[in-house]
Amino acid sequence: MEFLELTQKRFSVRDYANEPVSEEKLQYILECARMAPSAVNFQPWHFYVCQTPEAVEKAKQCYNREWIKTAPAIIIACICHDEEWVRKSDDKPHGNIDIAIVTEHICLAATEQGLGTCWVCNFDTSLCRQLFNLPENEEPAVLIPIGTPTDSTPTEKKRKDMNTIVSRL
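Residues numbered from 1 in each chain as written. Predicted model: local features only at pLDDT ≥ 70, side-chain atom pairs only at ≥ 80, totals over all residues. Heavy atoms only, no water.

(A) Representation of helix α4 (residues 95-112) in the model. Between the first and last C-alpha of α4 there are 26 Å, a value that for 18 residues agrees with the 26 Å anticipated at 1.5 Å per step. Among all positions of α4, only Gly-95, Asp-98, Ile-99, Val-102, Thr-103, Ile-106, Cys-107, Leu-108, Ala-109, Ala-110 and Thr-111 are buried. Positive backbone phi, approximately 80 degrees, marks Gly-114, located one or two places after α4. (Helix = DSSP H or I, 4+ residues; strand = E, 2+ residues; numbered from the N terminus. Expected span 1.5 Å × (residues − 1). Buried < 20%, exposed > 50% of the residue type's maximum accessible area, 1.4 Å probe, protein only.)

Okay, structure coming up:
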(Lines give C-alpha, C1' and ligand atoms only; values in the text may rest on other atoms or scores of the structure.)
Protein backbone atom coordinates (compact mmCIF):
# COMPACT_ATOMS: atom_id res chain seq x y z
CA MET A 1 0.00 0.00 0.00
CA GLU A 2 1.35 3.43 -0.88
CA PHE A 3 1.82 5.90 1.97
CA LEU A 4 -0.84 8.34 0.71
CA GLU A 5 -3.36 5.50 0.53
CA LEU A 6 -2.45 4.46 4.09
CA THR A 7 -2.99 8.00 5.39
CA GLN A 8 -6.33 8.15 3.60
CA LYS A 9 -7.41 4.83 5.15
CA ARG A 10 -6.55 5.86 8.71
CA PHE A 11 -9.44 7.32 10.65
CA SER A 12 -10.57 7.62 14.26
CA VAL A 13 -12.33 4.37 15.11
CA ARG A 14 -15.01 4.58 17.78
CA ASP A 15 -16.53 1.10 17.61
CA TYR A 16 -14.50 -2.09 17.86
CA ALA A 17 -15.35 -5.75 17.24
CA ASN A 18 -15.36 -8.00 20.29
CA GLU A 19 -12.12 -9.80 19.44
CA PRO A 20 -8.61 -9.56 20.86
CA VAL A 21 -5.70 -8.00 19.01
CA SER A 22 -3.21 -10.68 18.03
CA GLU A 23 0.19 -10.63 19.67
CA GLU A 24 1.80 -10.75 16.22
CA LYS A 25 0.05 -7.54 15.14
CA LEU A 26 0.81 -5.81 18.44
CA GLN A 27 4.49 -6.71 18.15
CA TYR A 28 4.58 -5.36 14.58
CA ILE A 29 2.92 -2.10 15.66
CA LEU A 30 5.28 -1.68 18.62
CA GLU A 31 8.28 -2.32 16.38
CA CYS A 32 7.02 0.43 14.05
CA ALA A 33 6.80 2.69 17.11
CA ARG A 34 10.33 1.77 18.14
CA MET A 35 11.54 2.93 14.71
CA ALA A 36 9.89 6.37 15.02
CA PRO A 37 12.19 9.39 14.90
CA SER A 38 12.61 11.70 17.86
CA ALA A 39 14.58 14.84 18.64
CA VAL A 40 18.28 13.91 18.85
CA ASN A 41 17.08 10.27 18.84
CA PHE A 42 16.39 10.45 22.59
CA GLN A 43 13.18 8.34 22.28
CA PRO A 44 11.62 9.82 25.44
CA TRP A 45 8.64 7.49 25.60
CA HIS A 46 7.25 4.49 27.38
CA PHE A 47 4.20 2.46 26.34
CA TYR A 48 1.85 0.53 28.57
CA VAL A 49 -0.06 -2.03 26.53
CA CYS A 50 -3.31 -2.81 28.32
CA GLN A 51 -4.55 -6.22 27.14
CA THR A 52 -5.78 -8.04 30.22
CA PRO A 53 -9.42 -7.34 31.13
CA GLU A 54 -8.30 -5.69 34.38
CA ALA A 55 -5.81 -3.33 32.71
CA VAL A 56 -8.20 -2.44 29.89
CA GLU A 57 -10.96 -1.65 32.39
CA LYS A 58 -8.61 0.62 34.35
CA ALA A 59 -7.64 2.49 31.18
CA LYS A 60 -11.30 2.91 30.22
CA GLN A 61 -11.99 4.57 33.58
CA CYS A 62 -9.67 7.39 32.53
CA TYR A 63 -11.91 8.39 29.61
CA ASN A 64 -15.60 8.44 30.41
CA ARG A 65 -17.08 7.86 26.97
CA GLU A 66 -19.36 5.02 25.99
CA TRP A 67 -17.59 4.16 22.74
CA ILE A 68 -14.24 3.34 24.35
CA LYS A 69 -15.86 0.43 26.20
CA THR A 70 -15.73 -1.56 22.95
CA ALA A 71 -11.91 -1.37 22.65
CA PRO A 72 -10.22 -4.73 23.32
CA ALA A 73 -6.82 -3.12 24.01
CA ILE A 74 -5.51 0.32 24.90
CA ILE A 75 -1.97 1.63 24.65
CA ILE A 76 -0.98 4.35 27.09
CA ALA A 77 1.73 6.49 25.49
CA CYS A 78 3.82 8.34 28.06
CA ILE A 79 6.43 11.07 27.73
CA CYS A 80 9.55 10.46 29.83
CA HIS A 81 10.31 14.05 30.72
CA ASP A 82 13.72 13.26 32.18
CA GLU A 83 14.73 11.83 28.78
CA GLU A 84 13.33 14.45 26.39
CA TRP A 85 15.62 16.72 24.41
CA VAL A 86 15.43 20.45 25.19
CA ARG A 87 16.45 22.95 22.53
CA LYS A 88 19.13 25.19 23.99
CA SER A 89 18.28 28.38 22.09
CA ASP A 90 14.86 28.75 23.74
CA ASP A 91 14.58 25.89 26.29
CA LYS A 92 11.77 24.24 24.32
CA PRO A 93 11.25 20.62 25.42
CA HIS A 94 10.43 18.25 22.54
CA GLY A 95 8.68 15.42 24.40
CA ASN A 96 5.24 16.49 23.15
CA ILE A 97 6.49 16.53 19.56
CA ASP A 98 8.17 13.15 19.94
CA ILE A 99 5.10 11.49 21.49
CA ALA A 100 2.95 12.84 18.63
CA ILE A 101 5.30 11.36 16.04
CA VAL A 102 5.42 7.94 17.68
CA THR A 103 1.66 7.89 18.29
CA GLU A 104 0.99 8.46 14.62
CA HIS A 105 3.45 5.66 13.76
CA ILE A 106 1.33 3.40 15.99
CA CYS A 107 -1.91 4.53 14.36
CA LEU A 108 -0.61 4.11 10.81
CA ALA A 109 0.94 0.71 11.56
CA ALA A 110 -2.36 -0.44 13.08
CA THR A 111 -4.21 0.74 9.97
CA GLU A 112 -1.81 -1.20 7.78
CA GLN A 113 -2.54 -4.30 9.87
CA GLY A 114 -6.30 -3.91 9.40
CA LEU A 115 -6.84 -2.50 12.89
CA GLY A 116 -8.34 0.77 14.02
CA THR A 117 -7.21 3.33 16.56
CA CYS A 118 -8.21 6.70 17.92
CA TRP A 119 -6.08 9.44 19.46
CA VAL A 120 -7.45 10.22 22.93
CA CYS A 121 -5.81 13.19 24.61
CA ASN A 122 -8.82 14.43 26.59
CA PHE A 123 -8.59 11.95 29.45
CA ASP A 124 -7.99 12.08 33.19
CA THR A 125 -4.21 11.95 33.34
CA SER A 126 -4.15 12.11 37.15
CA LEU A 127 -6.43 9.10 37.42
CA CYS A 128 -4.36 7.26 34.80
CA ARG A 129 -1.16 7.98 36.72
CA GLN A 130 -2.80 6.77 39.94
CA LEU A 131 -4.47 3.61 38.56
CA PHE A 132 -1.30 2.43 36.84
CA ASN A 133 1.11 3.72 39.48
CA LEU A 134 3.15 5.49 36.80
CA PRO A 135 6.61 6.80 37.67
CA GLU A 136 6.84 10.51 38.42
CA ASN A 137 8.95 11.22 35.32
CA GLU A 138 6.35 9.68 32.96
CA GLU A 139 3.45 11.80 31.76
CA PRO A 140 0.53 9.86 30.30
CA ALA A 141 -0.02 11.85 27.10
CA VAL A 142 -2.21 9.74 24.80
CA LEU A 143 -4.57 6.81 25.17
CA ILE A 144 -4.70 4.75 21.98
CA PRO A 145 -7.62 2.32 21.88
CA ILE A 146 -6.83 -0.38 19.34
CA GLY A 147 -8.79 -3.20 17.78
CA THR A 148 -10.69 -4.42 14.75
CA PRO A 149 -13.14 -1.74 13.60
CA THR A 150 -16.75 -2.84 13.22
CA ASP A 151 -16.87 -0.66 10.09
CA SER A 152 -13.61 -0.16 8.21
CA THR A 153 -15.01 2.49 5.87
CA PRO A 154 -13.08 5.69 6.55
CA THR A 155 -15.16 8.69 7.44
CA GLU A 156 -14.88 11.62 5.06
CA LYS A 157 -11.84 13.67 5.96
CA LYS A 158 -12.36 17.39 6.15
CA ARG A 159 -9.04 18.99 5.34
CA LYS A 160 -8.01 22.52 4.57
CA ASP A 161 -7.22 23.35 0.98
CA MET A 162 -3.53 22.95 0.12
CA ASN A 163 -3.25 26.66 -0.75
CA THR A 164 -4.28 27.66 2.77
CA ILE A 165 -1.64 25.56 4.51
CA VAL A 166 1.35 25.88 2.17
CA SER A 167 3.37 28.96 1.25
CA ARG A 168 6.09 28.57 -1.31
CA LEU A 169 9.00 30.94 -0.82
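(B) Representation of the sheet that holds strand β1 (residues 45-50) in the model. The strand order across the open sheet formed by 4 strands is β1-β2-β6-β5, and the pairing between neighbours is antiparallel. Only two strands of the sheet have a single neighbouring strand rather than two, namely β1 and β5 (116-117). Where strand β2 (residues 73-80) and strand β6 (residues 138-147) come together, 8 bridges link them in antiparallel fashion. Paired with Ala-77 across the strands is Val-142, a residue of β6. (Pairing = 2+ DSSP bridges.)

(C) Region of interest: unusual backbone geometry. In this structure, Asn-41 takes a positive phi of about 55 degrees despite not being glycine. Phi at Asp-91 is positive, roughly 60 degrees, even though this residue is not glycine. Within the secondary structure, Asp-91 is located in the loop between β3 (86-87) and β4 (92-93).

(D) Geometry of the packing of helix α2 (residues 23-34) against α4. Contact geometry for α2 and α4: axes closest at 8 Å, N-to-C directions at 145 degrees. At the point where α2 passes α4, the crossing takes the right-handed sense. Contact residues: α2 offers Tyr-28, Ile-29, Cys-32 and Ala-33, while α4 offers Val-102, His-105, Ile-106, Ala-109, Ala-110 and Glu-112. Residue classes in the contact of α2 with α4 are distributed as 8 nonpolar, 1 polar and 1 charged. (Axes fitted to C-alpha atoms, helices over the stretch in contact; angles between N-to-C directions. Left-handed = near helix turned anticlockwise from the far one by under 90°. Contact = heavy atoms within 4.5 Å. Nonpolar A, V, L, I, M, F, W, Y, C, P; charged D, E, K, R; others polar.)

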